[in-house]
Amino acid sequence: MTDLQLYAYLGGFVAFAIGCYVYYLSRNKELNDQQIKNRKRVMNFFLIIALVCVGYSWL
């Protein structure tokens, strides 16, 4: 594993943690539908980044 792959793996792990945290924030019962939708979009963005980073680190 090269240094770039290691950093991509670690970045993917951090992006996954951020995505999980945003998911946790979207579970708040006091949010309206637009806020929930925006938070889920941000969550999906970070989870896709995590998937790409971890996938790259396996190459």
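Every chain is numbered independently, its residues counted from 1 as its sequence is written. Totals for whole chains, interfaces and linings use every residue, but because this is a predicted model, local features are given only for residues with pLDDT of at least 70 and side-chain atom pairs only at 80 or more, for both listing and counting. Working from all heavy atoms in the structure, the side-chain values ignore hydrogens and water.

## With respect to the side chain of S57
For step 1, the next point in the chain: We count a stretch as a helix when DSSP gives it H or I for four or more residues in a row; a strand needs E for two or more, and each element gets its number in order from the N terminus. Within the element layout of this structure, S57 appears in helix α2 (residues 33–57).
For step 2, the next point in the chain: Categorising residues by exposure relies on relative accessible area from a 1.4 Å probe, with only protein chains included: less than 20% of the type maximum marks a residue as buried, more than 50% marks it as exposed, and the intermediate range marks it as partly exposed. Its relative accessible area of 4% is what places S57 among the buried residues.
For step 3, the next point in the chain: Of the polar contacts made by the side chain of S57, one reaches the backbone oxygen of V54; its length is 2.7 Å.
For step 4, the next point in the chain: In what follows, a contact means two residues having at least one pair of non-hydrogen atoms within 4.5 Å. Beyond its immediate chain neighbours, meaning those up to four positions away, S57 contacts M1, Q5 and Y9. Polar contacts here mean pairs of N or O atoms no more than 3.5 Å apart (in protein, one a potential hydrogen donor and the other a potential acceptor; neighbouring residues in sequence count only if both atoms are side-chain atoms).

## Points about the packing of helix α1 (residues 3–26) against α2
For step 1, the next point in the chain: At a minimum axis separation of 7 Å, α1 and α2 run at an interaxial angle of 160 degrees. As far as their axial angle goes, α2 and α1 are roughly antiparallel. By crossing handedness, the relation of α1 to α2 is classed as left-handed.
For step 2, the next point in the chain: Classification convention: Asp, Glu, Lys, Arg as charged; Ala, Val, Leu, Ile, Met, Phe, Trp, Tyr, Cys, Pro as nonpolar; all other residues, Gly among them, as polar. Across the contact of α1 with α2, the residue classes tally to 19 nonpolar, five polar and two charged. Axis geometry follows a simple rule: fit a line to the C-alpha atoms, using only the stretch in contact for helices, then measure angles between N-to-C directions, giving values from 0 to 180 degrees. Comment on the angle field: the value is read as roughly parallel under 35 degrees, roughly antiparallel over 145, roughly perpendicular from 65 to 115, and oblique elsewhere. Helix crossings fall into two classes, left-handed where the near helix is turned counterclockwise from the far one by less than a right angle and right-handed where it is turned clockwise.

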